[in-house]
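Observations on the model geometry
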Amino acid sequence: MNPLASVRGAITTGIILALILTFAIPPTAFAELGLAVWIHILAGVMWIGLLYYYNVVQTPGLAAAAADKGGPGGAGITKYIAPRALFWFRWAAVVTWLTGMWYLGRAGTLASAVTFGHFGQEYYGLVIGIGGWLGTIMLFNVWVFIWPNQKKILGIVPATDEEKAKARKTAALASRTNFVLSIPMLMCMAASNHPLPF
């Protein structure tokens, strides 16, 4: 009955520990915006962490496996790892985006963020708006380009070899675009309440 023996047990244990801290550290009143930020950060770490894993580890690793004619190949990753990672990846993207909108809406800053701080008049809205719009583009890429093409690559939906080759290029380009966009997006998210780093 070790909770650390399964992913579900580890997630449950982490949530229970967080709840214990929530009720142990005053004030203990419900803070809706704090909950929104906490879920936003948790989902965002999952989403961006997997994005970085794909771009820095898995994609180069699969290329090396394909080039190694005597090696085991990448079938294990594409059959067992990638579908599971893509599940968490795409739904973490949705939760991250929704909780960001939840926070901005309830904080009364959604209009400012959407309009880039009323076109540069408000620092917070400008910076968080840039981050939010970059995140929105990234969410779009996940659901419109990455996931539909990964389904072809992984054999979840039928595709010819030619369609799979095209899907690989499209998914790789969208994923690499998200990787690039995540760097300024994270900078803007972190700097929304204080000056940019330089």
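These lines cover the structure that appears in this document, whether it is placed above or below.

Definitions and cut-offs
Sequence positions are assigned chain by chain, starting from 1 and proceeding in written order. In view of the model being predicted, local features appear only for residues whose pLDDT reaches at least 70, and side-chain atom pairs are presented and counted only at 80 or more, with totals across whole chains, interfaces and linings using the full set of residues. Heavy atoms throughout the structure, all of them, feed into the side-chain values; hydrogens and water do not. Comment: axis = line fitted to C-alpha atoms, over the contacting stretch for helices; angle = value between 0 and 180 degrees taken between N-to-C directions. Secondary structure follows DSSP: runs of H or I at least 4 residues long count as helices, runs of E at least 2 residues long count as strands, and numbering of each begins at the N terminus. It is the rotation of the near helix from the far one that decides the hand of a crossing: anticlockwise by less than a right angle makes it left-handed, clockwise makes it right-handed. Contacts: residue pairs with any heavy atoms within 4.5 Å of one another. Three classes are used, and their members are as follows: Ala, Val, Leu, Ile, Met, Phe, Trp, Tyr, Cys and Pro are nonpolar, Asp, Glu, Lys and Arg are charged, and the others, Gly among them, are polar. Geometry of aromatic contacts follows a simple scheme: Phe, Tyr and Trp rings, the Trp one being its six-membered ring, pair when their centres are within 6.5 Å, and the pair is stacked under 30 degrees between planes, edge-to-face over 60, tilted otherwise. Definition used: whenever NZ (Lys) or CZ (Arg) falls within 6 Å of the ring centre and also within 35 degrees of the ring normal, the charge is taken to sit over that ring. Residues belong to a common nonpolar core when they are buried Ala, Val, Leu, Ile, Met, Phe, Trp, Tyr or Cys residues joined through side-chain atoms within 4.5 Å. The buried label goes to any residue with under 20% of its type's maximum accessible area, the exposed label to any with over 50%, and the partly exposed label to all in between, with areas taken from a 1.4 Å probe on protein chains only.

1. Considering the packing of helix H2 (residues 32-67) against helix H6 (residues 123-153)
- Two elements in contact, H2 and H6, have axes separated by 13 Å at closest approach and are oriented at 65°. Relative to H6, the crossing made by H2 is left-handed. Facing Trp 47, Ile 48 and Leu 51 of H2, the residues of H6 in contact are Gly 135, Met 138, Leu 139 and Val 142.
- Tallied by class, residues from the contact of H2 with H6 come to six nonpolar, one polar and no charged.

2. Describing the packing of aromatic side chains
- Scanning the model with the defined rule gives seven aromatic pairs in all.
- For the ring pair Phe 87 and Trp 88, a centre distance of 5.9 Å and an interplane angle of 90° mean the geometry is edge-to-face.
- Among the aromatic residues, those joined into a cluster by ring pairs are Tyr 53, Tyr 54 and Phe 89.
- Over the face of the ring belonging to Trp 147 we find Arg 90, whose NZ or CZ atom lies 3.7 Å from the ring centre.

3. Focus on the nonpolar core
- Counting residues in hydrophobic clusters, the biggest one holds 22 residues, and the most contacted among them are Trp 47, Leu 86, Phe 89 and Met 138.
- Contributions of two or more residues to this core are made by H2, helix H3 (75-107), H6 and helix H7 (161-190).
- The element that contributes the greatest number of residues to this core is H3, accounting for seven residues.
- Sequence-distant contacts of Leu 86, defined by excluding residues within four places in its chain, comprise Tyr 54, Ile 146, Trp 147, Gln 150 and Leu 154.

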